[in-house]
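These are the residues of each chain, in order.
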Amino acid sequence: MTQTRTPAGDPRARELGIRLDGEPGTWNAITDVPGVELGYRTLVEGEGSLMPGSGPVRTGVTAILPRGRDEVGTPCAAGRYSLNGNGEMTGTAWIDETGSLTLPVTLTNTHAVGTVHRGVIDWVAREHPGIAREWLLPVVAETWDGYLNDINGAHVRTEHVAEAIGSAAAGPLAEGSVGGGTGMCCYGFKGGSGTASRTVRHHGDGYTVGVFVQANFGARRELTVAGTPVGNRLLDDNPMEDGEWLATPGAGSVIVILATDAPLLPGQCTALARRIPLGLARTGTSGGHFSGDLFLAFSTANPGALTSSMTGAAAYEQLRFIPWGSVDPFYTATVQATEEAVLNALIANAEMTGRDGHRIPALPHDRLAKLLGAAVC
């Protein structure tokens, strides 16, 4: 039975009767991929007027461990894609060079990237000192939460990174205003963290494609749900666009992390990452200039390959992989899971008020259900 509510009991897209293609995994989450663990550290403090350095605070850190805490340092084949570069994802030059990902992937707000980068290094040096003897190039990605959060304040600290990594686990995931997604907005509604998965059959073997999004993008008028344009009928109560706010509609960013246990080449991971925008487009976005849209895909198959150690290198390594002519079902799964992950980030959420009384409403479930002709369960 696919998980239709979060562990806290918040409804997800399927709980509202929204019809979506494809077969999800048990948790309908990135953690359906065996070995993948995810954890959050959520920071919500203060109310009222912005006092730079003091708050209010609406931010956090998300940590994704491709092979869990015990297998940090074991490479995964990986590839990345940038639809629009108005954002940051560190460590990608090395991924481009080697096709290899070895460390936890972390997500946060734009101005906390440096702190989180340091926090990952500190955690690895403490928990895996043998790995830290060489070099560490963590992947840290961001979206901008300055509408709700005191983004210029140093509220995210290195110990919060360790707490997010320490809390990482498999199983069902909290969604919405948690972790790095705490202060994010999507299509003029409360956005943030969302996840989904799809199962794929290949010559008698079963694999999973899991997606995690930090959703902070899209103009209200663009929002599309299960093929139905709904945003242009939900234009009221839109304080981000109707108020005196500096950003243009659709500004923000989106980070998408894709995991699979299917054996893939690094170039095939890149090909999956390039399909992620097709899933985002199903939700309506046209990809704006002021939105940093950055994507990373990795495969947990082939442990022991793609190493880059200065010591103990094997004479040869091998990769087993899906033939290129058979990858289309994985492209389809990528598109489907990405679309649903965005919808889950919107639906498993609640209204939030942040700095200077800035308010962002939640996507109204009852009105959405009526527009789709669906019944709320």
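About the thresholds
- Residues numbered from 1 in each chain as written.
- Predicted model: local features only at pLDDT ≥ 70, side-chain atom pairs only at ≥ 80, totals over all residues.
- Heavy atoms only, no water.
- Helix = DSSP H or I, 4+ residues; strand = E, 2+ residues; numbered from the N terminus.
- Expected span 1.5 Å × (residues − 1).
- Buried < 20%, exposed > 50% of the residue type's maximum accessible area, 1.4 Å probe, protein only.
- Patch = residues over 30% accessible without salt bridge, like charges linked within 9 Å, V, L, I, M, F, W, Y side chains within 5 Å.
- Areas by Shrake-Rupley, 256 points an atom, 1.4 Å probe, with all protein chains shown as cover.
- Salt bridge = Lys/Arg side-chain N within 4 Å of Asp/Glu carboxyl O.
- Phe/Tyr/Trp six-rings, centres within 6.5 Å; stacked < 30°, edge-to-face > 60°.
- Lys NZ or Arg CZ within 6 Å of the ring centre and 35° of its normal.
- Core = buried A, V, L, I, M, F, W, Y, C linked by side-chain atoms within 4.5 Å.
- Pairing = 2+ DSSP bridges.
- Axes fitted to C-alpha atoms, helices over the stretch in contact; angles between N-to-C directions.
- Parallel < 35°, antiparallel > 145°, perpendicular 65-115°, else oblique.
- Left-handed = near helix turned anticlockwise from the far one by under 90°.
- Contact = heavy atoms within 4.5 Å.
- 1 Å grid on protein atoms, 1.4 Å probe; cavity = no way out; pocket = protein on both sides within 12 Å on 5 of 7 lines; lining within 4 Å.
- Points joined across faces, edges and corners; volume = space filled by probe spheres on them.
- Nonpolar A, V, L, I, M, F, W, Y, C, P; charged D, E, K, R; others polar.

Looking now at helix α7 (residues 328–347). In this model α7 runs 29 Å from its N-terminal to its C-terminal C-alpha over 20 residues, within 8% of the 28 Å that 1.5 Å per residue would give. Counting buried positions over the 20 residues of α7 gives 17, a clear majority of the element.

Now for a nonpolar patch on the surface. On the surface, Trp-135, Leu-137 and Met-310 cluster together into a nonpolar patch covering about 320 Å² of accessible area. Inspection of the secondary structure assignment puts Leu-137 in the loop between α3 (129–132) and β6 (139–143). Leu-137 gets classed as partly exposed once you look at its relative accessible area, which sits at 42%.

We now examine the packing of aromatic side chains. The relative placement of two aromatic rings is captured by the distance of their centres and the angle of their planes. Evaluation of the coordinates by the stated rule reveals five aromatic pairs. It is Arg-220 that lies over the ring of Phe-189; its NZ or CZ is 3.7 Å from the centre. The side chain of Arg-275 reaches across the aromatic face of Tyr-331, ending 3.8 Å from its centre.

Moving on, we come to the nonpolar core. Core analysis: the largest hydrophobic core is formed by 50 residues, its most contacted members being Ile-18 and Leu-368. Of all elements in the fold, only β9 (192–202), β10 (205–218), β13 (250–260), α6 (266–282), β14 (291–299), α7 and α8 (365–372) reach the threshold of two or more residues within this core. In this structure, Met-89, Leu-173, Val-178 and Leu-296 belong to the second largest nonpolar core, which totals 25 residues.

With that settled, consider unusual backbone geometry. Each neighbour pair has its own omega, and for Gly-55 with Pro-56 the value is 0 degrees, a cis peptide bond. Position of Pro-56 relative to the elements: it lies in the loop between β1 (37–45) and β2 (57–65). Here the phi dihedral of Asp-237 falls at roughly 50 degrees; this positive angle occurs in a residue that is not glycine. Relative to the elements of secondary structure, Asp-237 occurs in the loop between β12 (228–229) and α5 (239–242). Residue Asp-237 is classed as partly exposed on the basis of its relative accessible area, which comes to 36%.

The buried count for strand β5 (residues 105–109) comes to five of five residues, which makes it a mostly enclosed element. Taken together, the three bridges between β2 and β5 define a ladder with antiparallel strand orientation. Bridge pairing in β5 links Thr-62 to Leu-107. Pairing geometry for β5 and β6, over five bridges, is parallel. Paired with Val-105 across the bridge in β6 is Val-139.

Let's shift gears to the pattern of salt bridges. Throughout the structure, instances matching the rule amount to 16 salt bridges. Among the ionic pairs, Arg-367 bridges to Asp-236, the shortest N-O distance being 3.0 Å. Of the two residues, Arg-367 is situated in helix α8 and Asp-236 in the loop between β12 and α5; the sequence distance between them amounts to 131 residues. Residue classification places Arg-367 among the partly exposed positions, given a relative accessible area of 32%.

Our focus in this paragraph is the packing of helix α2 (residues 113–127) against helix α4 (residues 158–166). Contact pair α2 / α4: the axes reach a minimum separation of 8 Å and the direction vectors enclose 60 degrees. When the axis of α2 is compared with that of α4, the two are oblique. In this structure, α2 meets α4 at a crossing whose hand is right-handed. Contacts between α2 and α4 involve Thr-115, Val-116, Arg-118, Gly-119, Val-120, Asp-122, Trp-123 and Arg-126 on the former and, on the latter, Thr-158, Val-161, Ala-162 and Ile-165.

Let us look at the sheet that holds β13. Spatial ordering of the open sheet is given by β4-β3-β14-β13-β10-β9, a layout of six strands whose pairing is mixed. The open sheet has two edge strands, β4 (100–101) and β9, and neither has a second partner. Strand contacts of α6: β3 (76–84), β10, β13 and β14, with the helix running at about 40 degrees to β3, the strand carrying the most contacts. Along the sheet, α7 makes contact with β9, β10 and β13, crossing β9 at roughly 155 degrees.

Taken as a whole and judged by the stated rule, the model has two cavities of 30 Å³ or more. Its boundaries defined by the atoms lining it, the largest cavity holds a volume of some 50 Å³. Lining the largest cavity are Leu-65, Pro-66, Arg-67, Gly-68, Glu-71, Val-72, Gly-73, Thr-74, Cys-76, Leu-101 and Thr-102. Of the residues that constitute the lining of the largest cavity, the class distribution is five nonpolar, four polar and two charged. Estimated volume of the second largest cavity: approximately 40 Å³.

Bringing the sheet that holds β1 into the picture now. Strands sit in the order β1-β2-β5-β6 across an open sheet of four strands; the sheet is mixed. Across the chains shown, the open sheet's two edge strands, defined by having one partner strand only, are β1 and β6. When strand polarity is set aside, the average angle formed by the axes of neighbouring strands in this sheet is 15 degrees. Contacting β2, β5 and β6, α2 crosses the sheet at an angle of about 150 degrees to β5. Along the sheet, α4 contacts β1, β2 and β5; its crossing angle with β1, the most-contacted strand, is approximately 135 degrees.

All quantities given are derived from atomic positions and should not be read as evidence of function.
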